Amino acid sequence: MRNVLIVEDDDGIAEALEQALTVHGYATCIAGTGAAALEQLDDAALVLLDLGLPDLAGHEVCRQIRERSCVPVIALSGRADELDRVMALHMGADDFVAKPFGRYELMARIQAVFRRSGDCPWHDGAAAAHRPVPGPGPVHDHDPAPAPAQTDEGERADEHGAGADRAGGILRAGPLSLDRRARKVYLDGTEVRITRKEFELLAMLLEEPGTVMERQDIMARVWDENWFGSTRTLDVHVGSLRSKLGSNDWIEAARGVGYRLTVPQPQPQPQPQPQAS
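Basis of the calculations
Residues numbered from 1 in each chain as written. Predicted model: local features only at pLDDT ≥ 70, side-chain atom pairs only at ≥ 80, totals over all residues. Heavy atoms only, no water. Helix = DSSP H or I, 4+ residues; strand = E, 2+ residues; numbered from the N terminus. Buried < 20%, exposed > 50% of the residue type's maximum accessible area, 1.4 Å probe, protein only. Contact = heavy atoms within 4.5 Å. Areas by Shrake-Rupley, 256 points an atom, 1.4 Å probe, with all protein chains shown as cover. Pairing = 2+ DSSP bridges. Axes fitted to C-alpha atoms, helices over the stretch in contact; angles between N-to-C directions. Polar contact = N/O pair within 3.5 Å; in protein donor to acceptor, adjacent residues only side chain to side chain.

## A closer look at the overall build of the protein chain
Assigned secondary structure in the protein chain consists of 9 helices and 14 strands. Across the 277 residues that make up the protein chain, the buried fraction comes to 42%. Within the protein chain, contacts between residues separated by at least 24 positions form 55% of all contacts whose residues are at least 6 apart in sequence. Accessible surface, the protein chain: about 15000 Å² in total, of which carbon and sulfur atoms supply 49%.

## Describing the sheet that holds strand E14 (residues 258-261)
On the basis of which strands lie adjacent, the open sheet formed by 3 strands has the order E12-E14-E13 and antiparallel pairing. Strands at the two margins of the open sheet, each flanked by one partner only, are strand E12 (213-214) and strand E13 (251-254). Two strands pair when backbone bridges link them, and E13 and E14 are joined in this way by 4 bridges, in the antiparallel orientation. Along E14, the bridge assignment pairs Ile-251 with Leu-261. Contacts from helix H7 (residues 196-207) reach E12, E13 and E14, with the element oriented near 70 degrees to E14. The strands that helix H9 (residues 232-245) touches are E13 and E14; relative to E13, the one it contacts most, it runs at about 150 degrees.

## Description of the side chain of Asp-235
Considering the arrangement of structural elements, one finds Asp-235 in helix H9. Overall, the relative accessible area of 19% leaves Asp-235 in the buried class. Side chain to side chain, Asp-235 and Tyr-259 meet in a polar contact 2.5 Å long. Once residues within four sequence positions are removed from consideration, Asp-235 is found in contact with Arg-215 and Tyr-259.

## A look at unusual backbone geometry
The peptide bond linking Lys-99 to Pro-100 adopts the cis configuration, its omega dihedral lying at -5 degrees. Within the fold, Pro-100 resides in the loop between strand E5 (95-98) and helix H5 (103-116). Even without being glycine, Arg-183 reaches a positive phi, approximately 55 degrees. Within the element layout of this structure, Arg-183 appears in the loop between strand E9 (176-179) and strand E10 (184-187).

Written as structure tokens, this is what we have:
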């Protein structure tokens with residue numbers, strides 16, 4: 001069984017990585033600092049190296065690893081600008097994965113790195129003794145949303161003016177409508193251009209307007225139940241949707257819990273002042 005050395009100072013991320021790797025047939029060991037990683041290097045068949053370590057710069061750890069071994073190294077970082085990627089690769093990393101990332105992408109990159117390192121004399125024995133773990137089947141970004149039960153009228157409405165056209169797969173809340181089949185969003189009859197993830201997020205919120213959707217449930221369904229890293233990406237997508245819908249009132253935050261969709265109240269129009277005679 002191949003041993004993966006996880007170099008990560010965030011205990012939550014390290015444990016999530018350990019669980020995912022174990023499920024896919026890898027043995028693991030965890031190091032919370034660069035110094036500890038260098039001490040545990042001899043038994044590692046691959047290193048997952050977070051670049052933001054508390055004692056040594058991740059790039060320096062990578063350089064020292066490469067001086068001592070040709071063990072494959074995949075650099076992990078919350079900073080994904082070009083300079084960070086180039087520096088990591090120059091220091092000896094075999095691949096670079098930006099946080100946050102999904103489990104299946106990481107497993108695919110690990111398998112690809114193992115294939116590329118098969119001709120390394122340090123790992124010939126391991127390659128002969130251990131076959132690559134079979135890759136996962138087709139991966140979808142989200143599970144299809146369950147359709148609510150059909151009503152006699154073919155449409156449900158609530159106090160938020162929300163409804164679902166069962167035949168056409170359309171969700172509505174006030175002047176906002178979302179067509180699942182056409183994958184289009186309309187506000188007051190005008191199409192609103194949004195991204196794929198924004199569409200899935202809005203569809204989830206539109207299923208139950210006024211109901212708070214918890215952050216972890218949104219992340220699991222719209223992104224990946226095995227998503228690693230910060231949920232800050234959810235806040236960014238919410239901010240983008242609010243901007244495109246023209247009002248922050250469309251998506252209300254429940255502090256520390258999640259988000260809910262609300263229909264903004266129409267603003268009263270100013271009354272024209274009477275003309276002085």
